[in-house]
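Coordinates in review
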Amino acid sequence: MTTNEDRQPEHHAFEADVSRLLQMMVHSVYSDKDVFLRELISNAADACEKLRFEAISKPHLSADGSEPQILVKLDEQAPSLIVEDNGIGMSRDEMIDALGTIARSGTRAFMERLEAAKSGDKAELIGQFGVGFYSSFMVADKVDVISRRAGHDSVWMWSSDGKGSYEVVAVDPADAPARGTRVVLHLMGDAQKYTGKWTIEKIIRDQSGHVPVPIKLIEKPGADAVQVTDGAALWTKPKGEISKQEYDDFYRSVSGQYDEPLANVHFRAEGRHEYTALAFVPGSQPFDLFDVERHGRMKLYVKRVFITDEAELLPRYLRFIRGVVDTSDLPLNISREMIQESPVLVAIRKGLTSRILTSLEKMAEGEPETFGKFWELFGAIVKEGIYEDYERRGQLLKLARFRTTASEDATRSLSDYLGAMKEGQSSIYYISGSSLAQLKASPHLEGFRAKGIEVLLLTDQVDSFWPTNAGEFEGKTLKSVTQGQADLDDISSNGSDGGDKSEASQSVLDFIEVSRRILKDEVADVRVSTRLTESSVCLVASEHGPDRQLEKILQGAGRLQTASKPILEINAQSPVIQSLAAVTNDEFREDAAWLLLDEALILDGDRPKDPRAFASRQARLFALALKQI
Ligand code: ADP
Ligand code: MG
């Protein structure tokens, strides 16, 4: 029983660690003071959760039947901000223990790092941490905590100005809530904004929108309580109880996108690491998809308290995925740097990535149309994984869909490709460039078309990088049709194609010999082509090094100082070439060789080396032709 003698305040000194922490808190320029509210709400929610749990075995603790709730009360006049919960509450001893010492190892580690940090980095460090109850003293010059342990009669008040000591005193139970804790912040002069209704509503929604206890706001003494959040953390509900509408709404609130998601992945991982994930494949491209930073936006919650959306919960090539991961395996006050290094995060990233890829595989099989849409939106991003994620390369290659010479909808998989390979074909052929039209018109494809060999048509920027990197798929090398020898001779044709392409007349061989000399500063070689059937010429890259498209991109980005010289290939069967070769006039041959090189450049989407020289050569040729007419 509480007697009058008990109501004499007891004075206590803070444990040395607490004093140091408070010192640092008050004297550092804290970049984001708003987080104090997140901490108090999180404590209030924890208290409600604890009561929920204890009441399972002791139903009388919550016998009054009141639903758990968190009340935030504002008073502009005082000025004060109160966070009140009807959770488990604290007894006198619990209060002294919980609010006078630092029991948590997280805070201790934080303080050690803070001590070690250079003074300039301190503010930064504090900003990255949640610092629990004591963060109240960033905005309050006095804090009162009035609490009644569930099932107890007595009520105690803890008070402190955060300067080395606190006092504990019994208060009249008649003045106190029936159960739970009321934290009263007497706000500092420069923290008045925390009595503003809109400010507080926004902070609550942003920071604590998914706390699993409803939060209500009383904007001034005497006003009615207005519910700000409903306390439902959607991801914690069983899948079967969640409607599509609820999933979609949640997706919109978590992503800030207003489309309909293509799919969701919702699961609870149990075992070594426990976490719940609810992730969405968006139905449209997020605005920052192609930013150089390549940031993801998955939100990390710890025990339903939002921690950060900057933890790399997924590899970059899945950065378009939106949603939340909630784990109880991390401390609430973990810093971002520590999150990144944490083995828990590594395990989550691995598990989540697998689940997402598996569900994409299922989508590809079961809902090819949705998958097609997905690939249209995000295929270019997923392909980054082929050269970034060595471990999952095979899996990603299997997922990938392509436009090919066999189908211009991006629906062909590499497995489809393998199934359609010709006898004797040992490579997967591709051509990459910036537009489909340009690729389709490329002379390099002619020989492949004539033999009915499928070629992947790659038009995404990333396509210039991954094929060289991936090397092979199921034992077949990926080979650019603009690079090296075409070795088409070994591959059996559809039947129609005739003759040996590499057979050339002596005059053509002579012409090639001469051209090689004329063009020696521009090309590495001039040779008979096996890949052309209609065009007279094309340029190819040498067997080793980047293909033509990659080389252009690297050059454009200033990443390649000296471009290697291409090889000029000549179609020995072309009537034009045969007639040209028959003319042995030196000046004519010189013009012809240069014009053929320019023609090949133009076919590649490039410009003639020297436009003026090109024009005069063409004029000379026209003059000759006109004499014949
Ligand atoms: P943490 O929440 O990480 O334990 P805090 O500094 O936020 O660290 O809180 C310290 C302790 O104070 C809590 O662990 C809890 O025991 C107690 N506490 C704080 N707020 C409340 C509350 N509203 N109800 C019950 N206990 C509380
Ligand atoms: Mg806390």
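Below or above, wherever it landed, is the structure these notes cover. (Residues numbered from 1 in each chain as written. Chains lettered and ligands numbered in written order. Predicted model: local features only at pLDDT ≥ 70, side-chain atom pairs only at ≥ 80, totals over all residues. Heavy atoms only, no water.)

1. Details of the overall build of the chain
Basically, it comes down to this: By the criteria applied, helices consist of DSSP H or I runs no shorter than four residues and strands consist of E runs no shorter than two, each listed in order from the N terminus. Here the globule rule reads 2.2 Å times residues to the power 0.38, and the radius of gyration is calculated from C-alpha atoms. Throughout, exposure labels follow a simple rule: accessible area from a 1.4 Å probe, protein chains only, divided by the maximum for the residue type, with under 20% read as buried, over 50% as exposed, and the rest as partly exposed. Residue contacts follow a heavy-atom distance rule, with two residues in contact if any of their heavy atoms lie within 4.5 Å. Only the protein chains shown count as cover for residues, with accessible areas throughout obtained via the Shrake-Rupley method and a probe of 1.4 Å. A residue counts as positive if it is Lys or Arg and as negative if it is Asp or Glu; His and the chain ends are not included. All charge positions are set by atom: Lys at NZ, Arg at CZ, Asp at CG, Glu at CD.
Each helix and strand in the chain was counted, giving 21 helices and 23 strands. Computed over the C-alpha atoms, the radius of gyration of the chain is 36 Å, more than 25% above the 25 Å expected from 2.2 N^0.38 for a compact globule of 629 residues. In terms of overall dimensions, the chain has C-alpha extents of about 125 × 50 × 40 Å along its principal axes. Going through the 629 residues of the chain one by one, you find that 51% of them count as buried. Relative to all contacts within the chain whose residues are 6 or more apart in sequence, the contacts with residues 24 or more apart total 72%. Carbon and sulfur atoms make up 49% of the accessible area of the chain, which amounts to about 29400 Å² in all. Where the 76 positive side-chain charges of the chain centre and where its 99 negative ones centre are 1 Å apart.

2. Some points on unusual backbone geometry
The linkage connecting Ala-78 with the following residue, Pro-79, adopts the cis geometry, with an omega of -15°. Mapped onto the secondary structure, Pro-79 falls in the loop between strand 2 (70-75) and strand 3 (80-85). One non-glycine residue, Arg-294, adopts positive backbone phi at about 55°. Tracing the backbone shows Arg-294 in the loop between strand 11 (275-281) and strand 12 (299-302). In this structure, Glu-474 is a non-glycine residue whose phi angle is positive, near 45°. Mapped onto the elements of the fold, Glu-474 is located in the loop between strand 19 (472-473) and strand 20 (476-480). With a relative accessible area of 48%, Glu-474 lands in the partly exposed category.

3. Points about helix 21 (residues 611-628)
This is how it is decided: Take the number of residues in a helix, subtract one, and multiply by 1.5 Å to get its expected span. The arc in question is the one spanned by the directions pointing from the helix axis to the C-beta atoms.
The first and last C-alpha atoms of helix 21 sit 26 Å apart over 18 residues, in line with the 26 Å expected at 1.5 Å per residue. Those residues of helix 21 not exposed but buried are Ala-613, Phe-614 and Arg-617. Buried residues of helix 21 fall within an arc of 100° about the axis and therefore sit on the same side. For helix 21, the exposed residues lying more than 90 degrees away from the buried face are Arg-612, Phe-622, Leu-626 and Lys-627.

4. Focus on the pattern of salt bridges
Convention followed: In what follows, salt bridge is the name for a side-chain nitrogen of Lys or Arg lying within 4 Å of a carboxyl oxygen of Asp or Glu.
Throughout the structure, instances matching the rule amount to 38 salt bridges. Of the charged contacts in the structure, one is a salt bridge between Glu-201 and Arg-205, with a shortest N-O distance of 2.6 Å. Of the two residues, Glu-201 and Arg-205 both sit in helix 6 (residues 197-208), four residues apart, roughly one turn of that helix. Salt-bridge contacts for Glu-513 lead to Arg-516; the nearest nitrogen and oxygen are separated by 3.4 Å. Here Glu-513 and its partner Arg-516 are both found in helix 17 (residues 506-518), three residues apart, which amounts to about one turn of the helix. In this structure, a network of salt bridges that share partners links the residues Arg-294, Arg-319, Glu-384 and Glu-388.

5. Thoughts on the packing of helix 19 (residues 575-582) against helix 20 (residues 586-603)
Rules: Axis lines are fitted through C-alpha atoms, for helices just across the contact stretch, and the angle between N-to-C directions can take any value from 0 to 180 degrees. Any angle between 65 and 115 degrees counts as roughly perpendicular, while under 35 counts as roughly parallel, over 145 as roughly antiparallel, and the rest as oblique. Charged means Asp, Glu, Lys or Arg here, nonpolar means Ala, Val, Leu, Ile, Met, Phe, Trp, Tyr, Cys or Pro, and polar covers whatever is left, Gly included.
Taken N-terminus to C-terminus, the directions of helix 19 and helix 20 make an angle of 155°; their axes are 10 Å apart at the nearest point. Comparing their axes, helix 20 and helix 19 come out roughly antiparallel. Residues Ile-577, Leu-580 and Ala-581 of helix 19 touch helix 20, and the partners they reach there are Phe-588, Arg-589, Ala-592 and Leu-596. The residue inventory of the contact of helix 19 with helix 20, partitioned by class, reads six nonpolar, no polar and one charged.

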